[in-house]
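Structural characterization, general
Spelled out from the first residue to the last, the chains are:
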Amino acid sequence: MSVLVLVEHTEGIIKKKSFEAVQYASHIAKQNGATVTAVVLGNAQSSEIEGLGAYGAQKVLYVADARLDELHARAYAKALIVAAQKEDSKIIIALHDINGRAVAPRVAVKLKAGLVAGALSYPDTEKGFVIKKAVFSGKAFAFVNILSDAKVITLMPNSFQLNKAEGKATVEKLDVSFDEKDFGIKVKQVNKVSGEVSLADAELVVSGGRGMKGPENWGLIEDLAKELGAATACSRPVADSHWRPHHEHVGQTGGTIRPNLYIAVGISGAIQHLAGVNGSKTIVVINKDPEAPFFKAANYGVVGDAMEVLPKLTAAVKKYKETHK
Ligand SMILES: Cc1cc2nc3c(=O)[nH]c(=O)nc-3n(C[C@H](O)[C@H](O)[C@H](O)COP(=O)(O)OP(=O)(O)OC[C@H]3O[C@@H](n4cnc5c(N)ncnc54)[C@H](O)[C@@H]3O)c2cc1C
């Protein structure tokens, strides 16, 4: 029996969150006396593929079809099902991101598997196969027991620390016969966000809200982000007002992020905003209103005017970096 894990890559480079998924699969495999088989779809670099061994994959099944460089949920699901049958896999893992959320339910339906979407813990096998996940926009946790023989899990990225070890995976080609219907979507154009840290993968994020007053003040957010090597984000009204691009909007109707550090500047902390960021490991809030709701969710808070606090914080980070070279 093998635990199967779907691995994602961008232009051939495997994403850090996929290493986390492989490591997660490796832990579950050990719990179940199984091995780990990673499934890589599209043209990933061979050194990257072999490198999956360092996170616990014994084997990689690789479908070198350039069409799979883009997400095609039907084709991805088909490849995973073929791999699951080949490897006699009863546990299938994907990431809880745009790809995993599209593919995992399809696989679960086909395999008549129970699905836990957005897992935050390893399965507790003492009383079945119980996995913790966030519910009600992160306000509560549910502990879900998967009773079916086949199990599909999507893992919330940045839930576990990565530990690299020694190890190389063996790589095998997987034959999957796709048909036209599996590629029902045609990507016409890709507009890349360049020159910035990708928000989805960022470990540090500096985010601004309506308290920043207008786009002309965003240089203060960007200066701090640059100094920290962080990505920038924003609240919904900021994106709606076109102060910032929509891909930066986080919250219930925007992106969900789980960085190690989230610095919220001039953001009130409405529940809809918190829904996208309350999985962050450490939250720092800068707000001039000491009663702002965000302070209740914060690990650290600064009561003050963002226009005064941000330049001082940026200067302090700069000084720290210079003295700790
Ligand atoms: C169905 C639905 C979905 C939604 N989805 C989202 C979502 O995905 N993401 C999201 O963000 N919102 C979402 N919202 C909107 C949400 O309810 C809030 O209205 C929004 O988050 C408020 O944005 P804000 O905190 O930037 O602005 P405000 O609520 O206007 O807060 C501005 C904050 O800045 C502070 N401030 C002002 N001046 C300064 C200064 N000089 N220095 C420091 N602090 C200052 C103020 O004290 C205040 O706390 C949704 C709403 C609905 C109804």
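Bear in mind the structure is a predicted one, so any value in this text is a computation, not a measurement.

When helices and strands are counted, the chain shows 9 helices and 16 strands. C-alpha extents for the chain along the principal axes are approximately 60 × 45 × 40 Å. Relative to its full complement of 325 residues, the chain shows a buried share of 50%. Relative to all contacts within the chain whose residues are 6 or more apart in sequence, the contacts with residues 24 or more apart total 64%. Of the accessible surface of the chain, which amounts to about 16400 Å², a share of 52% is contributed by carbon and sulfur atoms.

Below, the discussion takes up the site of the ligand. The environment of the ligand is formed by 25 residues, the closest being Arg 210, Lys 213, Ser 235, Ser 268 and Asn 287. Within the backbone of Ser 268, a nitrogen or oxygen atom sits 2.7 Å from an oxygen atom of the ligand. If the ligand stood free it would expose 990 Å²; the protein chains cover 76% of that surface. Classifying every residue of the shell around the ligand by side-chain character gives 5 nonpolar, 14 polar and 6 charged.

Here we have 5 strands laid out as an open sheet, ordered β13-β12-β14-β15-β16, and parallel in their pairing. Only two strands of the sheet have a single partner each, and these edge strands are β13 (231-234) and β16 (300-303). Taking the axes of each pair of neighbouring strands and ignoring which way they run, one obtains an average angle of 15 degrees across the sheet. The pairing of strand β12 (residues 204-208) with β13 spans 4 bridges and is parallel. Pairing of Ser 207 across the sheet is with Ala 233, part of β13. Contacting β12, β13 and β14 (261-265), helix α5 (residues 218-228) runs over the sheet at an angle of about 175 degrees to β12.

Moving on, we get to the side chain of Glu 20. Structurally, Glu 20 is set in helix α1 (residues 16-31). For the buried Glu 20, no salt bridge exists, and the shortest N-O distance to an oppositely charged side chain is 5.7 Å, to Lys 16. At a separation of 2.8 Å, a polar atom in the side chain of Glu 20 contacts the main-chain amide nitrogen of Asn 158. For Glu 20, the contacting residues outside a window of four places in its chain are Leu 155, Met 156, Pro 157, Asn 158, Ser 159, Phe 160 and Leu 162.

The rules behind each value
- Residues numbered from 1 in each chain as written.
- Predicted model: local features only at pLDDT ≥ 70, side-chain atom pairs only at ≥ 80, totals over all residues.
- Heavy atoms only, no water.
- Helix = DSSP H or I, 4+ residues; strand = E, 2+ residues; numbered from the N terminus.
- Buried < 20%, exposed > 50% of the residue type's maximum accessible area, 1.4 Å probe, protein only.
- Contact = heavy atoms within 4.5 Å.
- Areas by Shrake-Rupley, 256 points an atom, 1.4 Å probe, with all protein chains shown as cover.
- Near = heavy atom within 4 Å.
- Polar contact = N/O pair within 3.5 Å; in protein donor to acceptor, adjacent residues only side chain to side chain.
- Nonpolar A, V, L, I, M, F, W, Y, C, P; charged D, E, K, R; others polar.
- Pairing = 2+ DSSP bridges.
- Axes fitted to C-alpha atoms, helices over the stretch in contact; angles between N-to-C directions.
- Lys, Arg positive; Asp, Glu negative; His and termini not counted.
- Salt bridge = Lys/Arg side-chain N within 4 Å of Asp/Glu carboxyl O.

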